[in-house]
Each structure stands twice: as structure tokens, then as C-alpha cells.
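Chain by chain, the residues run as shown.
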Amino acid sequence: MSTDTILSFEEAMEKYDPVLGFEVHVELNTKTKMFSSAPNVFGDEPNTNVNEVDLGMPGVLPVVNRTAIESSIKIGLALNCKIAESCRFARKQYFYPDTPKNFQTSQYDEPIAYDGYLDIELEDGTVFRVEIERAHMEEDAGKLTHMGGATGRIQGADFSLVDYNRAGVPLVEIVTKPIEGAGSRAPELAKAYVAAVREIVKNLGVSDARMERGNVRCDANVSLRPHGRERFGIRSETKNVNSLRAVEHAVRYEIQRHAAVLDSGEPVIQETRHWHEDTRTTTSGRAKSDADDYRYFPEPDLVPVVASREWVEELRATLPEPPAERRKRLKADWGYSDLEFRDVVNAGVLDEIEETIAAGASASVARKWWMGEIVGRAKAADVDPGQLGVQPATIVELAKMVEDGKINNKMASQVLDGVLAGEGTPEEIVEERGLAVVSDDGPLLEAIDAALAAQPDVAEKIRGGKVQAIGAIVGGVMKATRGQADAGRVRELILEKLGVTA
């Protein structure tokens, strides 16, 4: 694990100016792979969604997936890019066990989309423009699982297993131009940028955009230079970061690490780095290759992709509303205040709330659950809310049980804990834990009599007109019933027993 020396973030910012760059890989949700007819399905048994093309067998020829090209053009348009009238695929040469052809079919000097930008809104409303260098098409590699060892990485593993199901899955890689001027907000900008890309591809319908599954992955490049210097410093690239929180933390850590290296008088090594979520540190991977090291050359088995202007405009006409317009519409539809809506966006639960409302919850109930219950649990677990795996239908079911009086809010919170622990559906957990609200008057009156007997002075205050004191009696009843009493009915019975009109 990392033993690197780091400076405090504040000290690093006093001395150095960060320059960022991001390569975001987006897996497309086409039915088949980029160059073969093998299914593009997540989670199937290893090595079941492969064919001769994916495995690089002799004599096979690739065929381009038209839907993947259309999805790539849509992404380019949504990123305000120019779309190339003609572009080519290229072979990127490198050997790795999860790339059975010993090369990756990608694009090099002729990407399908280029020269774009995204305007990124930060938490306080500041807008920062990120320039897009290119968005190019390529295929994904397979997946290695390293067995044995303590870290799950190749170092120290006894052996590795390879799954080629992912080999050949269509990818679009979105590459930014160097991002200057972010200063101390660089980590925040990193998180916001990746969140914006994820929102775009999800709204386009071209990717499932689930970071925990690797549908969206970020390679984060960081370099530092002393304030006032124009020339960029040496960069490191933290590979395959797959959560918004991790992107923010990885950029922050690398800034601190670079600053310590520069302060020591040593040179920063141009290399790839691995992110470790448990320690929030990076460790060295391999020396970072330049383009020449990959020996790119045009793919001889594929003809150029020609995107006529008519075709591009047809695809442009199918684009959904831009994210900024969508947010404006949702804010108006839901009736949230500026602060409430900004909190929702910053918490990263805009899509989840929209899906919960679509599943039947009111806007206020959806916000209450996601911002109150789920975001809090996500912060405690130090993960993004979406990584908890709570489904919108679960929230709707819980809210309905509270509304129907079957459980109260405290019980609903316990049921949610049970759902997150994998105990079953809300209905099953209520039954198994015996959490139903006690609304039968018999047990409630017994608990009320005991609470009144224990607090006679409070009872006299209530009789004397201080009805607000009833909370102490209600609290006693709730404690006696382990929080399962119907608080509204308890209040009514107390007032009746004391002969007081509210």
C-alpha cells in the first residue's frame, strides 16, 4: 500500500497550480459488441458472450456495429463537438492477457467527434467550461480477476482468471483538453465533470451509466506547476476510477502527492496509478506510454466511417433536452426551492428522485427519503448514494406503508436498514422483525396508564391547559411499545383519558 509523503492540500495550493485532464470511458448499451455479433450483456457466466472475432481467431473479420456509431455521434453532439464527415479506426498495439488480439481496435488521429465543450456548474453555482479534445470509438478489454494475495491486484496474486465477456464491448472515450485555472476547486470540478458526462450519456439512453458496474470509468490526469509558470508539469494518470466520490478524492490525493515530490526536489514520474478506496491513496502502476509506444496504424480490415450531414442532423433531432434545461423543468415540476434543488444535484440523487417520483411517490416524499435517509447512510458508508443499491420501488413501498399507518417513520428507517442488509423486501422485513404499528386501543391504554402514573406532575400540567407537555407522556408510551405505537392515536387517547380538548 502507499507510503508516499504528501503535503496538506492547503499548502499544495499555496505553492502550485494544478492542471487536470480526464479520459472518461463510456460503455455503450448496444445489444451486441462493437465488431462482432456476440451479446453485450453484463453479469452472465464468464466467457459465455464471446465468439471468434472477440478472441482474435485467425481469419476472422470485424463488422462495425451501426448502433454504436449512432450512439457515438449522439454523445459527440451532446458534448457540443464537431462530427467528422469521415473517420477511421486504428490498431493500438499492446500485449495484455485480457486483450486476446494483442491489439485494441480504437481511433487515433481521426476521431468521430472533436472540439467540443461542457459547461460545468459547481456547488455554489459557479460555471466552469471544460474543453473537449475528442470523443473516439473503441472496444473494451476483457476482465482479469487476480486470485490469492491480500489486495486483489496482480502483485502478490497466485494466479489470474480472465473473462472475455467484456472484450469487444463498444466504448466511447471522451478526452478533455488540459484544464487550467481550477485552483483549489480542482477536486470538486473533477467530480462535477464526471457527473455531468454520466448524466448526459444516461439521458441519451446510450449507456446504463452505472459506475459501480464499470459502465462509466474515469482516468484522471494531474500535474502541478509553480504559480506563474506556463509550462505544464509531468502528469500522472490514475486509472479506472469508478465513483464520483473516488474521482474527487483521487485528484485531491494526487495534488498532495505531486506537491510533496516537487518540494523534495525529485522529479514527478510519468506513470499510471491505481486508486485504493479503502485508504484513499494511489500506488504506482506502470510507466505511462506515449502514443508512439502503441505503434498506431490504420485498421486494414475496416473501411472508413462516413457520417453524412443528413445522418448527423437526423440524429441531432432525436437528442433529449439538454441537462440544464432538464434541471430547470424538474425544479419547476417538483416545486423545490433553489437551495433544495441544488442540494439534490450536489448529492448526486437527481436521477434517483426522478425515478422514485415516476414510480409513484410525491416530489416531497421522494426528496425526504433520498436526502434524509439515503444520503445520510451513503455519507456514513463513504460511498455515493447510488452505490447503496436502493431501488425507487423500495422507497415507494416504504412511503406507502407509512402513509397507510402500517409502520411509522422510525420503523421505516429500521426497515430500510434491513433492505440494505439484504434481509428481503420491506413487507418481509416488517413481518420478520414484528415492526407493525400498535394501533389497538387495549395495549395502548395500558401503556398510557403506566406513563401517566410515572409522571403525575406532567398529567396535572396537561389538565391545567399546558397541552404541549403531552409529548413527555407520548414519549413514555413510545418507549414502552419499542416505538411501535401509533403516536397520533396515543395522543388522542391521552387527551380523552385526561378529559382535555386539544
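The structure displayed is predicted, hence computed values, not measured ones. (Residues numbered from 1 in each chain as written. Predicted model: local features only at pLDDT ≥ 70, side-chain atom pairs only at ≥ 80, totals over all residues. Heavy atoms only, no water.)

1. Comments concerning the overall build of the protein chain
Along the protein chain, the regular secondary structure elements total 16 helices and 16 strands. Its C-alpha atoms put the protein chain at 90 × 55 × 50 Å along the principal axes. In the protein chain, which comprises 502 residues, the share counted as buried stands at 46%. Residue pairs at least 24 apart in sequence account for 69% of intrachain contacts in the protein chain once pairs closer than 6 positions are excluded. For the protein chain, the computed accessible surface area is about 24,000 Å², with 50% contributed by carbon and sulfur atoms. (Helix = DSSP H or I, 4+ residues; strand = E, 2+ residues; numbered from the N terminus. Buried < 20%, exposed > 50% of the residue type's maximum accessible area, 1.4 Å probe, protein only. Contact = heavy atoms within 4.5 Å. Areas by Shrake-Rupley, 256 points an atom, 1.4 Å probe, with all protein chains shown as cover.)

2. Considering the domain arrangement of the protein chain
Here the protein chain is partitioned into domain 1 (9-315), domain 2 (323-429) and domain 3 (441-498). A straight line from the C-alpha centre of domain 1 to that of domain 3 covers 61 Å. (Domains from an automatic or database assignment.)

3. Brief notes about the sheet that holds strand S13 (residues 271-276)
The 9 strands are arranged S2-S6-S7-S10-S1-S11-S12-S13-S14 in an open sheet whose pairing can be described as mixed. Each having just a single partner strand, strand S2 (82-83) and strand S14 (281-287) make up the two edges of the open sheet. In this sheet, strand S10 (residues 170-176) lies alongside strand S7 (residues 127-139) in antiparallel orientation, the contact comprising 7 bridges. Looking across to S10, one finds that alanine 135 is bridged to isoleucine 174. (Pairing = 2+ DSSP bridges.)

4. Remarks on the packing of helix H6 (residues 323-334) against helix H8 (residues 350-358)
Across the interface, H6 lies against H8 with an axial gap of 12 Å and an inter-helix angle of 45°. Considering their axes alone, H6 and H8 lie oblique with respect to each other. Once H6 is placed against H8, the crossing between them reads as left-handed. In this structure, H6 uses Arg326, Arg327, Arg329, Leu330 and Trp334 to contact H8, whose residues at the interface are Leu350, Asp351, Ile353, Glu354 and Ile357. A class-by-class count of the residues in the contact of H6 with H8 yields 5 nonpolar, no polar and 5 charged. (Axes fitted to C-alpha atoms, helices over the stretch in contact; angles between N-to-C directions. Parallel < 35°, antiparallel > 145°, perpendicular 65-115°, else oblique. Left-handed = near helix turned anticlockwise from the far one by under 90°. Nonpolar A, V, L, I, M, F, W, Y, C, P; charged D, E, K, R; others polar.)

5. Quick word on the packing of helix H11 (residues 409-420) against helix H12 (residues 426-433)
Contact pair H11 / H12: the axes reach a minimum separation of 9 Å and the direction vectors enclose 110°. If you check the angle between H11 and H12, you find them roughly perpendicular. Here H11 runs over H12; the crossing is right-handed. Contact with H11, carried on its side by Gln414, Val415, Gly418 and Val419, involves Pro426, Ile429, Val430 and Arg433 of H12 and no other residues of that element. Considered class by class, the residues forming the contact of H11 with H12 number 5 nonpolar, 2 polar and 1 charged.

6. Quick notes on helix H9 (residues 363-381)
Along its 19 residues, H9 runs 26 Å from first to last C-alpha, staying within 8% of the 27 Å computed at 1.5 Å per residue. Taking the largest bend as the criterion, H9 deviates by roughly 30°, centred on valine 375. For H9, every residue scored as buried is listed here: Ala363, Ala366, Trp369, Trp370, Glu373, Ile374, Val375, Arg377 and Ala378. In this structure, the buried residues of H9 make contact with H6, helix H7 (338-347), H8, helix H10 (392-403) and H11. Positive backbone phi, approximately 60°, marks aspartate 382, located one or two places after H9. (Expected span 1.5 Å × (residues − 1). Bend = angle between axes of the 7 residues up to and from the residue.)

7. Details of the nonpolar core
The biggest cluster of nonpolar side chains holds 73 residues, and the ones touching the most others in it are Ile73, Ile174 and Tyr193. Ranked by the residues each element gives to this core, the list is headed by helix H3 (residues 186-204), at 11 residues. Residues in contact with isoleucine 174, not counting those within four places in the same chain, are Phe22, Glu23, Val24, Val26, Ile75, Leu79, Ile132, Arg134, Ala135, Tyr193 and Val197. Counting residues in each nonpolar core, the second largest holds 30 residues, with Trp334, Val349, Ala366 and Ala399 among its members. (Core = buried A, V, L, I, M, F, W, Y, C linked by side-chain atoms within 4.5 Å.)

8. Here's the deal with unusual backbone geometry
Residues apart from glycine generally show negative phi values, whereas peptide bonds are mostly found in trans. Phi at asparagine 240 is positive, roughly 50°, even though this residue is not glycine. When you line up the elements, asparagine 240 lands in strand S12 (residues 236-241). Even without being a glycine, arginine 280 presents a positive backbone phi close to 55°. Tracing the chain through its elements places arginine 280 in the loop between S13 and S14. Residue classification places arginine 280 among the partly exposed positions, given a relative accessible area of 32%.

9. Structural notes on the pattern of salt bridges
Applying the stated rule across the entire model yields 43 salt bridges. Put simply, arginine 166 and aspartate 140 hold a salt bridge, and the shortest N to O gap is 3.6 Å. Taken as a pair, arginine 166 in the loop between strand S9 (159-163) and S10 and aspartate 140 in the loop between S7 and strand S8 (143-147) lie far apart in primary sequence, 26 residues in all. For arginine 166, a relative accessible area of 26% puts it in the partly exposed group. Each member of the salt-bridge network shares a partner with another, and the members are Glu199, Lys202, Arg326, Arg327, Asp351, Glu354 and Glu355. (Salt bridge = Lys/Arg side-chain N within 4 Å of Asp/Glu carboxyl O.)

10. Thoughts on a nonpolar patch on the surface
On the surface, a cluster of nonpolar side chains totalling about 270 Å² of accessible area is made up of Met147, Phe159 and Leu161. Summarising the element assignment, methionine 147 is placed in strand S8. Methionine 147 gets classed as partly exposed once you look at its relative accessible area, which sits at 30%. (Patch = residues over 30% accessible without salt bridge, like charges linked within 9 Å, V, L, I, M, F, W, Y side chains within 5 Å.)

11. Some details on the sheet that holds strand S15 (residues 297-298)
The strand order across the open sheet formed by 3 strands is S5-S4-S15, and the pairing between neighbours is antiparallel. Each edge of the open sheet carries a strand with a single partner, namely strand S5 (103-106) and S15. In the sheet, strand S4 (residues 90-93) pairs with S5 via 4 bridges, with the strands oriented antiparallel. Bridge assignment links lysine 92 to a residue of S5, and that residue is glutamine 104.

12. Observations concerning the environment of tryptophan 311
Mapped onto the fold, tryptophan 311 is located in helix H5 (residues 309-316). Accessibility expressed as a relative area gives 12% for tryptophan 311, which makes it buried. Placed 238 residues apart in sequence, tryptophan 311 and isoleucine 73 show a C-alpha to C-alpha distance of 9.7 Å. Ignoring anything within four residues of it in the chain, the contact list for tryptophan 311 reads Arg66, Ile69, Glu70, Ile73 and Val306.

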